[in-house]
Structure formats: C-alpha cells, structure tokens
Amino acid sequence: MKKIILPLLFLVGMHTYSQSEADIYDIINNVSAERIGNDVAKLANFGTRHTLSDTVSDTRGIGAARRWIKSEFEQISSDCQGCLEVFYQKELVKKGTNARIVKDVEVVNVVAVKRGKKYPNRYVIMSGDIDSRVSDPTDFTSDSPGANDNASGMAGTIEAARVLSKYDFESSIIFVGLSGEEQGLFGGKSLAAYAKEKGWEIIGILNNDMIGNITGVDGVVSNRDFRIFSEPVPPTETEEERRARRFYGGEVDGISRQLARYIHKTTRRFMPEMNPMMIYRLDRFGRGGHHRPFNDAGFAGIRIMESHENYTQQHQDIRTENGIAYGDVLEHVNFDYAAKLTAVNAINLASLAWAPPAPETVKIGGIVEPSAKLAWSEVEGAAGYKIYWRDTTSPTWDHSRPVSNTTSHTLEGIVIDNYFFGVAAVGANGFESLVVFPNQIMRD
C-alpha cells in the first residue's frame with residue numbers, strides 16, 4: 001500500500017507547487033510594456049509634477065497627476081469588483097521646513113490596498129514617485145516631464161496593481177504613488193509615520209525609482225541589468241544589538257539586506273534572463289530614495305532601479321547645450337525594460353504575499369562543537385521550514401535544507417564559525433518567507 005500512497009501524495013504536492021509556479025509565469029507574461037508606455041506618456045504630459053506645482057488644473061501639475069493616478073487605481077478596483085481600497089494619505093509641510101519647501105504644501109500620496117485574506121494587517125509595498133523636477137529644485141513652474149524619473153516607476157506600480165488585482169493573497173499588497181521625494185522624501189516619511197500609527201506589520205517596501213533607462217552616460221547599453229540597493233542593518237538597532245554583532249556576526253544581515261537577497265533569488269529563478277545586482281549601499285553614493293524613510297522607521301526597504309544611469313536626463317532643464325540634449329523626456333524611456341522591472345516587482349510581491357510569515361525568533365548554537373544547531377518559533381500556516389547557510393563572504397544564501405514537522409534542527413558537520421545561517425517559513429504552496437538571521441543564542 002505504501003508504494004501506491006506515497007507516489008500519489010508526492011504527485012499531489014508537486015501539482016500544488018507547479019500550479020503556484022505557473023501563476024508566477026502568468027504574472028510575468030501579463031505585464032504589458034504597451035500599457036506602461038501609455039501611462040508614462042500620460043504622466044509626462046502633465047507638463048510638470050513638481051510637488052509645489054499647480055493643484056487646480058485638470059491638465060497640468062501634480063494635482064492633475066495624482067487625481068489621474070487615483071482614478072486609474074479606482075478603475076482597476078472596479079474591474080476586480082472592488083478588490084482595492086483606494087485613498088489619499090496626506091500631510092501639510094510648512095514653508096521653510098527645508099530650503100526646497102518655498103511655500104506651504106500639502107504632500108499627497110495615492111494609496112491602493114489589495115487586502116490579504118489571511119493576514120490583512122501584514123503588508124508588502126510597491127512604490128513609485130509622483131513628483132518631478134528640473135535643475136532648480138525650487139522651480140515648480142517650468143516643464144518637468146520626469147518621464148524616467150519617475151513616471152517609469154509610477155507607471156510600473158500602476159501596472160503591477162492591474163496584474164496582481166486578478167489574484168487573491170494571504171497578506172496585503174499596497175501600491176502607492178509617493179509625493180515630495182525631490183523636496184526631501186516627505187511622502188515616504190508621511191506614509192511610514194502613518195503605518196506606525198496604524199500598527200501596520202510591514203514585510204518590506206520595494207521602492208522603484210527610475211526603471212526605464214537602458215543607455216548609460218558611461219556608454220553602456222543594457223536591458224537586463226538592474227540594481228537592488230539595501231542597507232546592511234537597520235538604523236534603529238540598539239547598542240546591545242550592535243555589540244552582539246561584534247561577536248556573532250550579522251553586519252550584512254539586516255532585514256533590508258534579506259529583502260534584497262529574496263528579490264535576487266526570486267528573479268534568478270523565474271526571470272533568468274535578468275541580471276539583478278545587489279548593491280551593498282542604502283542608495284547611490286550620497287543620494288537618497290523613498291525607501292529610506294521606511295528604513296529610518298525600522299522597516300525593511302530596498303530600491304530597485306536601472307543599472308546604467310544617464311545624468312544628462314535627470315534633474316535637468318530641457319535644453320540643448322554643446323550638442324547634448326538635456327532633459328527627462330519620453331523618448332529616453334525603454335518601455336520593454338520598464339515592463340521587465342515591473343515584472344520583477346510583481347513576482348516578488350506575489351511570492352511574499354502568498355508566503356507564510358517569517359519566524360519571529362531564530363536561535364543558534366554550536367559554539368566549540370562540530371555542528372550548528374538552530375531552533376525557531378513556530379509559524380502559523382507554515383507547512384515546513386528551510387534552513388539556509390552561506391560562506392561568510394558570500395552575498396547570497398547558497399546552501400539550504402528543507403525540514404518539516406519540527407522547529408529545530410542540527411546541521412551535522414557544519415561548523416558554526418565558518419558560515420552564516422538563517423531560517424525561512426515555507427507554505428504548502430511552496431512560497432517562502434524572508435530569511436530570518438539568528439536573533440538569539442543557545443548555549444546548551
């Protein structure tokens with residue numbers, strides 16, 4: 001009898017997993033470069049989307065842009081029988097808050113929530129920026145189409161909402177257009193504070209800022225490379241946690257770095273034609289993006305963007321100078337590439353939202369022993385767990401071992417001194433949580 005039952009169970013498990021995998025490929029195939037191109041053009045044609053620009057006109061300025069974004073989210077929701085909760089989240093920023101706020105302004109984010117069926121208060125977030133700017137960050141009247149920076153990221157967020165609205169998830173997904181990025185990351189600060197106030201449990205934020213350019217100022221042309229920026233450890237870590245890192249490691253294993261590794265792994269698996277580059281830095285050298293306010297609040301957050309920037313097309317007045325055409329205009333955006341990076345976001349949002357929560361506690365032991373011991377807190381809804389380990393100099397989790405019906409395991413012959421370790425929860429559908437780096441020590 002066992003010879004019959006076991007293969008049947010195996011086949012049932014494979015069918016469930018295969019179906020989930022098929023959904024991921026469907027998500028990739030359903031992302032439309034044409035729709036993204038239309039949305040980038042629509043946003044660029046508002047003339048300027050500067051945070052301090054016109055809010056009354058129906059055709060020009062950030063007011064018209066955010067109303068259009070909201071209407072797109074509402075149309076998506078209508079098409080899926082009200083599956084998105086769409087609203088403005090706003091905050092007044094007073095003149096003089098910094099040098100770029102030259103008048104009082106209401107910073108308005110446009111939020112669309114796809115509510116999770118099992119964990120409605122757990123959220124994974126995809127963001128794009130609504131606003132644009134020219135050379136002078138206080139110039140809120142000149143034409144500033146912001147086609148790549150950041151109509152591309154905003155259009156990608158809208159398209160991801162269209163595609164993922166067709167599915168149900170265990171955890172909630174938020175699609176958001178953030179304002180005030182160019183004036184000082186105000187939209188992100190406001191939404192991060194709102195999330196804290198509401199008690200949101202944020203799995204992570206995927207900030208998309210410039211996902212449409214393939215021709216770099218360095219002469220490199222690539223429609224496959226993209227960067228994932230992540231900070232090493234949260235700025236909110238305690239002094240006790242900092243001291244522990246000296247003895248136990250973890251200086252490159254904070255929550256944002258684990259999110260970056262997750263995106264790298266998922267992309268490599270389902271979109272092998274793409275080259276995700278993990279950049280061990282909060283953001284580009286000396287620069288900032290809208291994931292940073294979430295990091296500052298203690299949430300995991302990364303930035304996804306093109307690898308080869310063209311600075312003649314960023315933060316520039318539209319002009320021709322010394323034979324060089326400056327300005328962030330529509331013809332510089334590659335919609336096929338923007339669709340690929342939108343798909344990267346969509347499959348990671350789906351994978352995280354279909355996965356069970358990560359273990360809250362992971363303990364590690366094995367000091368002066370020939371084997372590493374791990375124990376972790378039980379996760380509701382997990383069908384099993386996966387232990388990961390890697391060389392201490394490796395950027396990715398290179399080794400793994402699945403375990404089931406237990407919340408502890410000993411890796412025989414794996415010396416704790418020579419590797420870093422982590423544990424993820426795995427659902428019956430095969431989707432995994434983020435990896436959790438050990439946060440407690442076992443001494444017996």
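Everything below is about the structure shown above.
Residues numbered from 1 in each chain as written. Predicted model: local features only at pLDDT ≥ 70, side-chain atom pairs only at ≥ 80, totals over all residues. Heavy atoms only, no water.

K.L.:
I'd like to hear about the sheet that holds strand β13 (residues 384-391), residue by residue, with values.
P.N.:
Taken together, three strands build an open sheet; the order of strands is β14-β13-β16 and the sheet is antiparallel. In the strand order of this sheet, the two ends are held by β14 (399-403) and β16 (419-426), each with one partner. Along the sheet, successive strands turn relative to each other by an average axial angle of 20°, direction set aside. (Pairing = 2+ DSSP bridges. Helix = DSSP H or I, 4+ residues; strand = E, 2+ residues; numbered from the N terminus. Axes fitted to C-alpha atoms, helices over the stretch in contact; angles between N-to-C directions.)

K.L.:
Could you give an account of the packing of helix α3 (residues 62-79) against helix α4 (residues 147-164), with specific residues and numbers?
P.N.:
The geometry of α3 relative to α4 is characterised by a closest axis approach of 9 Å and an angle of 15° between their N-to-C directions. Taken together, the axis directions place α3 and α4 in an arrangement best described as roughly parallel. Once α3 is placed against α4, the crossing between them reads as right-handed. In this structure, α3 contributes Trp68, Ile69, Glu72, Phe73 and Ile76 to the contact, and α4 contributes Met154, Ile158, Ala161 and Arg162. Grouping the constituent residues of the contact of α3 with α4 by class yields seven nonpolar, no polar and two charged. (Parallel < 35°, antiparallel > 145°, perpendicular 65-115°, else oblique. Left-handed = near helix turned anticlockwise from the far one by under 90°. Contact = heavy atoms within 4.5 Å. Nonpolar A, V, L, I, M, F, W, Y, C, P; charged D, E, K, R; others polar.)

K.L.:
Lay out the packing of aromatic side chains in plain terms, naming residues and giving numbers.
P.N.:
Taken as a whole and judged by the stated rule, the model has twelve aromatic pairs. Centroid distance Tyr167 to Trp354: 5.8 Å. Interplanar angle 85°. Geometry classified as edge-to-face. With Tyr167 in the loop between α4 and β4 (171-178) and Trp354 in helix α10 (residues 335-354), the pair connects residues that are 187 residues apart, well separated along the chain. For Tyr167, a relative accessible area of 14% gives the class buried. Residue class for Trp354 comes out buried when judged on its relative accessible area of 11%. Above the plane of the ring of Tyr280 lies Arg257, whose end atom (NZ or CZ) is 3.7 Å from the centre. (Phe/Tyr/Trp six-rings, centres within 6.5 Å; stacked < 30°, edge-to-face > 60°. Buried < 20%, exposed > 50% of the residue type's maximum accessible area, 1.4 Å probe, protein only. Lys NZ or Arg CZ within 6 Å of the ring centre and 35° of its normal.)

K.L.:
Describe the side chain of Thr396, and please don't skip the residues or the numbers.
P.N.:
Here Thr396 lies in the loop between β13 and β14. Setting aside residues no more than four positions away along its own chain, Thr396 makes contact with Arg261, His264, Met278 and Arg390.

K.L.:
Can you tell me about the environment of Trp354, naming the residues and giving the values?
P.N.:
Sequence separation of Trp354 and Gln314 is 40 residues, and the distance between their C-alpha atoms is 36 Å. In this structure, Trp354 is in contact with Asp23, Ile24, Ile27, Tyr167, Asp168, Phe169, Glu170, Asn429 and Phe431, ignoring residues within four places of it in sequence.

K.L.:
If you had to explain a nonpolar patch on the surface to someone new, which residues and values would you point to?
P.N.:
A surface patch of nonpolar side chains, amounting to about 550 Å² of accessible area, comprises Phe247, Tyr248, Ile367, Val368 and Ile441. Structurally, Ile441 can be placed in strand β17 (residues 440-441). Look at Ile441 and you get partly exposed, because its relative accessible area is 32%. (Patch = residues over 30% accessible without salt bridge, like charges linked within 9 Å, V, L, I, M, F, W, Y side chains within 5 Å. Areas by Shrake-Rupley, 256 points an atom, 1.4 Å probe, with all protein chains shown as cover. Salt bridge = Lys/Arg side-chain N within 4 Å of Asp/Glu carboxyl O.)

K.L.:
Can you explain the packing of helix α8 (residues 255-270) against α10? Please cite residues and give values.
P.N.:
The N-to-C vectors of α8 and α10 enclose an angle of 110°; their axes lie 10 Å apart at closest approach. What the angle tells us is that α8 and α10 run roughly perpendicular. Crossing angle aside, the handedness with which α8 passes α10 is right-handed. Within the contact between the two elements, α8 uses Leu259, Tyr262, Ile263, Thr266, Thr267 and Phe270 and α10 uses Val344, Ile347, Asn348, Ser351 and Leu352. Here the contact of α8 with α10 is built from residues that sort into seven nonpolar, four polar and no charged.

K.L.:
Lay out the sheet that holds strand β6 (residues 225-230) with the relevant residues and their values.
P.N.:
Read from one edge of the open sheet, eight strands run β1-β2-β4-β3-β5-β8-β6-β7, paired in mixed fashion. Two strands bound the open sheet, and with one partner strand each, they are β1 (84-93) and β7 (275-280). Averaged over all pairs of adjacent strands, the angle between strand axes in this sheet comes to 25°, irrespective of strand direction. The sheet contacts of α3 involve β1, β2 (105-114) and β4, and relative to β1 the element is tilted by about 160°. Sitting on the sheet, helix α6 (residues 186-198) is in contact with β1, β2, β4 and β5 (201-208), with an inclination near 115° to β1.

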